[in-house]
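Each chain, letter by letter, is given below.
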Amino acid sequence: FSSMKLTSQPELFEFKGISMTHFFTDDWENVQNFQARPDDILVATYPKAGTTWVSYILDLIYFGNTAPERQSSIPIYLRVPFLEAVIPETPTGVELANNLPTTPRLIKTHLPVQLVPKSFWEQNCRVVYVARNAKDNAVSYFHFDRMNEVQPDPGDWNNYLQTFMDGKTVFGPWYDHVCGYWEKKQTYSNLHYMFFEDMVESTDREVEQLCSFLGLSTPTEERQRIIKNVHFDVMKQNKMTNYSTASVMDFTISPFMRKGKVGDWKNHFTVAQNEQFDKHYKQKMKNSTLKFRTEI
Ligand code: A3P
């Protein structure tokens, strides 16, 4: 019943300057004190920018050949723990990360750059950031908030779009998130900044560049195998990557692997919403050199 879902949806509150729910702040002390190791790889994103996609690519790059049982029995969200998450009936992200048996450890975060535990920077860890254009990111996040019971109720699309523009979505403003990591990259050379749109345009090229950032020479043949496995249709069918094993999501409302496209925003934004969004966007992004594509 929808009434059950409503009562379980969490309140938003202001936490260190950003909107959060308790699911991502309950373990804060352990998150901030997390001890990163130099070979850890941090996958950082704003929610719905392609986190799972790049997590799975990294997992296949490092463990695709060596651990077949890992590929067939452990869901991606356990292989690449979500550091700040405290989700019911699951070990905390910190516990999962600390118990990872493999090297390198692949760790996911949605924290804005200023809240990333400092040991990642001190250990000079590699950081892979994925950014997605604001319009598609907003659409994807809207559908995610509808189907995920640990996320706040998004209301209708018009209401949600305003929430997104106001920066009152979980993990704070998209604008500050993408710009924050973009600025960090100017001084921290171990940060690889990727775009969802580039990955859709050429997964092959993006995987090759990622491997080069990681200092790996991955043979063409192996890269081809990875690319085949991380195709949208294949990931959507794969129980270990499509989140069908996650109890907090209701796929009858919207699947996790929803569309995987660039430009789906055109099916959601009205002309008026688009004009208003563009105007606000220009203002928000006026001090940044960061450029996005909203179609390819
Ligand atoms: P849509 O809702 O637009 O379909 P995250 O992993 O950060 O939560 O991001 C989820 C978004 O990435 C969803 O977007 C999902 O469909 C898309 N996605 C995941 N794997 C993908 C793939 N292999 N190819 C294209 N898009 C993918």
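The structure presented is a predicted model; accordingly, all values stated were derived computationally and were not measured.

**Some thoughts on the confidence of the model for the protein**
So, step 1. Of all residues in the protein, 97% attain a pLDDT of 70 or more, and the chain-wide mean is 95.
So, step 2. In the predicted structure, residues 1–7 sits below a pLDDT of 50 and forms six contacts with residues beyond four places in sequence or in another chain.
So, step 3. As scored by the predictor, the complex reaches a pTM of 0.97 and an ipTM of 1.00.

**Let's talk about the sheet that holds strand β4 (residues 106–109)**
So, step 1. Pairing within the open sheet is parallel, and its four strands lie in the order β4-β3-β5-β6. Each of the sheet's edge strands pairs with one partner strand only, and the pair in question is β4 and β6 (191–195). Mean inter-strand twist for the sheet, computed between neighbouring axes without regard to direction, equals 20°.
So, step 2. In terms of strand pairing, strand β3 (residues 41–45) meets strand β5 (residues 126–131) through five bridges, oriented parallel.

**Section: the site of the ligand**
So, step 1. With respect to spatial proximity, 18 residues lie near the ligand, and among them Thr51, Thr52, Ser140, Lys259 and Gly260 are the closest.
So, step 2. Here an oxygen atom of the ligand sits 3.1 Å away from a polar atom, N or O, in the main chain of glycine 50.
So, step 3. One of the side-chain N or O atoms of arginine 258 is found 2.8 Å from an oxygen atom in the ligand.
So, step 4. For the ligand, whose free accessible area comes to 570 Å², the fraction covered by protein is 97%.
So, step 5. Of all elements in the fold, only α3 (51–63) and α14 (232–237) reach the threshold of two or more residues within the shell around the ligand.
So, step 6. With three residues, α3 is the single largest residue contributor to the shell around the ligand.
So, step 7. In terms of residue class, the shell around the ligand is built from eight nonpolar, six polar and four charged.

**Topic: the pairing of β3**
So, step 1. Here β3 lies mainly inside the structure; five of its five residues are buried.
So, step 2. The side-chain alternation of β3 yields two buried faces, one formed by Ile41, Val43 and Thr45 and the other by Leu42 and Ala44.
So, step 3. Of the pairings in the sheet, the one linking β3 to β4 comprises four bridges and is parallel in character. Bridging from a neighbouring strand, alanine 44 pairs with threonine 109 of β4.

**Things to note about unusual backbone geometry**
So, step 1. Proline 104 follows threonine 103 through a cis peptide bond whose omega is 0°.
So, step 2. Examined against the element boundaries, proline 104 turns out to sit in the loop between α6 (93–98) and β4.
So, step 3. Unusually for a residue other than glycine, glutamate 89 sits at a positive phi of about 65°.
So, step 4. Within the secondary structure layout, glutamate 89 lies in the loop between α5 (76–79) and α6.
So, step 5. For asparagine 124, which is not glycine, the phi torsion reads 55° and is therefore positive.
So, step 6. Accessibility expressed as a relative area gives 41% for asparagine 124, which makes it partly exposed.

**Overview of helix α12 (residues 203–214)**
So, step 1. Its 12 residues place the ends of α12 16 Å apart at the C-alpha level, agreeing with the 16 Å of an ideal helix rising 1.5 Å per residue.
So, step 2. For α12, the set of buried residues is Thr203, Glu206, Val207, Leu210, Cys211, Phe213 and Leu214. Taken around the axis of α12, the buried residues stretch over an arc of 160°, which confines them to a single face.
So, step 3. Structurally, α12 contributes buried residues whose contacts are with β3, α3, β5, β6, α11 (196–201) and α13 (220–229).
So, step 4. Glycine 215 lies just past α12 and shows a positive phi near 75°.

**Some words on the pattern of salt bridges**
Any two side chains of opposite charge can pair, given that their charged atoms come close.
So, step 1. Under the definition given, this model contains 13 salt bridges.
So, step 2. With a closest N to O distance of 2.9 Å, aspartate 278 and lysine 135 form a salt bridge. Residue aspartate 278 is located in helix α15 (residues 271–284), and its partner lysine 135 is located in helix α8 (residues 134–147); the two are separated by 143 residues in the primary sequence.
So, step 3. Judged by its relative accessible area of 35%, aspartate 278 is partly exposed.
So, step 4. A salt bridge links arginine 293 to glutamate 201, with the shortest nitrogen-to-oxygen separation between them at 2.9 Å. Taken together, the residues arginine 293 in the segment after α15 and glutamate 201 in helix α11 connect sequence positions 92 residues apart.

What counts and what doesn't
Residues numbered from 1 in each chain as written. Predicted model: local features only at pLDDT ≥ 70, side-chain atom pairs only at ≥ 80, totals over all residues. Heavy atoms only, no water. pLDDT = per-residue confidence, 0-100. Contact = heavy atoms within 4.5 Å. Pairing = 2+ DSSP bridges. Helix = DSSP H or I, 4+ residues; strand = E, 2+ residues; numbered from the N terminus. Axes fitted to C-alpha atoms, helices over the stretch in contact; angles between N-to-C directions. Near = heavy atom within 4 Å. Polar contact = N/O pair within 3.5 Å; in protein donor to acceptor, adjacent residues only side chain to side chain. Areas by Shrake-Rupley, 256 points an atom, 1.4 Å probe, with all protein chains shown as cover. Nonpolar A, V, L, I, M, F, W, Y, C, P; charged D, E, K, R; others polar. Buried < 20%, exposed > 50% of the residue type's maximum accessible area, 1.4 Å probe, protein only. Expected span 1.5 Å × (residues − 1). Arc of directions from axis to C-beta. Salt bridge = Lys/Arg side-chain N within 4 Å of Asp/Glu carboxyl O.

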